[in-house]
Amino acid sequence: MHLSLAYGALALLPQLSHAHFLFPHLMLNGVKTEAYEYVREHDNGFQPSFTPEILSSDDFRCNKGSWNHRSQPKTAKVTAGKDSVGFHLHLDFGIYHPGPVTIYLSKAPGDVRDYDGSGDWFKVYQLGTMMPWNGTDQGWLTRDLKQFEFKLPSEIPAGQYLMRIEQMSIHQPYRQKEMYFQCAHLDIASDYNGKTPGPTIKFPGGYQPNDPAIQLDSWAQPPPDFAPMPGPEQWPN
Ligand SMILES: *[C@@H]1O[C@H](CO)[C@@H](O)[C@H](O)[C@H]1NC(C)=O
């Protein structure tokens, strides 16, 4: 299996260089909104960002150049505990690299169009492997999916938020990972006033090169049977 993967990966290289993942469409209650209608564009094109460098960069928030596009998207009005939100990939691409998808929220101090994502982030969605996992690419539940959507939990305070999706590609024959990530703008209505969502992390800083999720080696022999998720526990917990 690993030999054929190696050949497959080599054969794909020219194509991969211009065909990686963007998440330009916000999903809103099962409807794919227009490209960049609610999603902050970035200037990184189809390029992956690589560990470990990206883990210590401010670009790890909403991607390189996204600040230049902060006033272009609209802010989607949604209600905690009622509406479903998420992301849809560009064109009709599916996720063809193995690896987890995670979605985080970070509350803006005011208008999300003025917010750079330097505050606290909590995780609201994650999708990893089948359990148990046989260590193959086929065991990733994210495989070939074009969209990731979930119901907003009720336990989110009202306010404007950046919502950040991330796919971590683990297909390299070593422990370096490719990261694809992008942010949308949400205005969340809610009457929740309980405990502050957490645990929270910052971008950068919340992921470290030695995290088990980053260190996962999918080419190891025997194959791994567990794929740790990146980032903290999901909220609510
Ligand atoms: C691993 O699991 C996947 C998903 O069930 C399956 O498609 C694949 O054939 C399995 N591969 C091996 C080598 O067991």
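Residues numbered from 1 in each chain as written. Predicted model: local features only at pLDDT ≥ 70, side-chain atom pairs only at ≥ 80, totals over all residues. Heavy atoms only, no water.

## Structural notes on the overall build of the protein
Test applied: A helix here means a DSSP run of H or I that spans at least four residues, while a strand means a run of E at least two residues long, and both kinds are numbered starting from the N terminus. Using C-alpha atoms as the atom set, the radius of gyration is obtained and then compared with a globule rule of 2.2 Å times the number of residues to the power 0.38. The buried label applies to any residue whose accessible area, calculated with a 1.4 Å probe on protein chains only, is under 20% of its type's maximum; exposed applies above 50%, and partly exposed to all values in between.
The helix and strand inventory of the protein stands at 2 helices and 12 strands. Beginning at the N terminus, the succession of helices and strands in the protein can be written as α-β-β-β-β-β-β-β-β-β-β-β-β-α. The C-alpha atoms of the protein give 17 Å as radius of gyration, which agrees with the globular expectation for 237 residues (18 Å, within 12%). Over its C-alpha atoms, taken along the principal directions, the protein stretches across nearly 55 × 35 × 35 Å. Scored against the burial criterion, the 237 residues of the protein give a buried share of 51%.

## A few points about the site of the ligand
Our working rule: Throughout, the term near means that a residue has one or more heavy atoms lying within 4 Å of the molecule or strand in question. Definition of a polar contact: a pair of N or O atoms within 3.5 Å, with one able to donate and the other able to accept a hydrogen when the atoms are protein atoms, and with sequence-neighbouring residues admitted only if both atoms are side-chain atoms. The method behind every accessible area is Shrake-Rupley, applied with a 1.4 Å probe, and residues are considered shielded solely by the protein chains displayed. Classification convention: Asp, Glu, Lys, Arg as charged; Ala, Val, Leu, Ile, Met, Phe, Trp, Tyr, Cys, Pro as nonpolar; all other residues, Gly among them, as polar.
The environment of the ligand is formed by Met130, Asn134, Thr136 and Gln138. Here an oxygen atom of the ligand sits 2.3 Å away from a polar atom, N or O, in the side chain of asparagine 134. Protein burial of the ligand: of its 360 Å² of free accessible surface, 40% is covered by the chains. Its residues assigned to classes, the shell around the ligand comprises 1 nonpolar, 3 polar and no charged.

## Remarks on the nonpolar core
Put simply, the test is: Side-chain atoms within 4.5 Å link the members of a nonpolar core, which is a set of buried Ala, Val, Leu, Ile, Met, Phe, Trp, Tyr and Cys residues. The contact rule is simple, with two residues in contact once any of their heavy atoms fall within 4.5 Å.
Core analysis: the biggest nonpolar cluster contains 33 residues, and Leu26, Ile103, Leu105, Phe148, Met163, Leu186 and Ile188 have the highest contact counts within it. Residue contacts for leucine 26: discarding those within four places in its chain leaves Val31, Lys32, Thr33, Tyr38, Val39, Ala76, Gly86, Met163, Ala184 and Leu186.

## Structural notes on the state of the cysteines
This is how it is decided: Throughout, a disulfide means two cysteine sulfur atoms within 2.5 Å of one another.
Summed over the entire model, instances satisfying the criterion amount to 1 disulfide. The disulfide partner of cysteine 62 is cysteine 183, and the gap between their sulfur atoms is 2.0 Å. Here the S-S torsion is close to -85 degrees, and the disulfide linking cysteine 62 with cysteine 183 is therefore left-handed. Pair noted here: cysteine 62 is in the loop between β4 (49-50) and β5 (76-79) and cysteine 183 is in strand β11 (residues 178-189), with a separation of 121 residues, a long-range link. Given a relative accessible area of 2%, cysteine 62 falls into the buried group.

## Some words on the sheet that holds strand β9 (residues 147-151)
This is how the line gets drawn: The rule for pairing is simple: two strands pair if DSSP sees at least two bridges between them.
Here 4 strands make up an open sheet; going across it, the order is β2-β1-β6-β9 and the pairing antiparallel. Every interior strand has two partners, whereas the edge strands, β2 (31-32) and β9, have only one.

## A look at the pattern of salt bridges
Our working rule: Take a side-chain nitrogen of Lys or Arg and a carboxyl oxygen of Asp or Glu: if they are within 4 Å of each other, that pair is a salt bridge.
Scanning the model with the defined rule gives 10 salt bridges in all. Linking aspartate 116 and arginine 61 is a salt bridge whose minimum nitrogen-to-oxygen distance equals 3.9 Å. Taken together, the positions of aspartate 116 in the loop between β7 (101-107) and β8 (121-127) and arginine 61 in the loop between β4 and β5 put the pair 55 residues apart, joining distant regions of the chain. Accessibility expressed as a relative area gives 12% for arginine 61, which makes it buried. The partner of lysine 146 in a salt bridge is aspartate 92, and the shortest N-O contact between them spans 3.6 Å. Of the two residues, lysine 146 is situated in the loop between β8 and β9 and aspartate 92 in the loop between β6 (84-88) and β7; the sequence distance between them amounts to 54 residues. On the basis of relative accessibility, which here comes to 51%, the residue aspartate 92 falls in the exposed class. Each member of the salt-bridge network shares a partner with another, and the members are Asp58, Arg61 and Asp116.

## Thoughts on the UniProt feature "domain: Auxiliary Activity family 9 catalytic" (unreviewed entry) in the protein
For the record, the criterion: UniProt positions are given in the numbering used here, feature names are shortened, and annotations may be inferred rather than shown by experiment.
On the UniProt side, "domain: Auxiliary Activity family 9 catalytic" (unreviewed entry) is annotated at positions that read residues 20-220 here. Within residues 20-220, the helical portion is 2% and the strand portion 31%, while the C-alpha atoms at the span's ends are 25 Å from each other.

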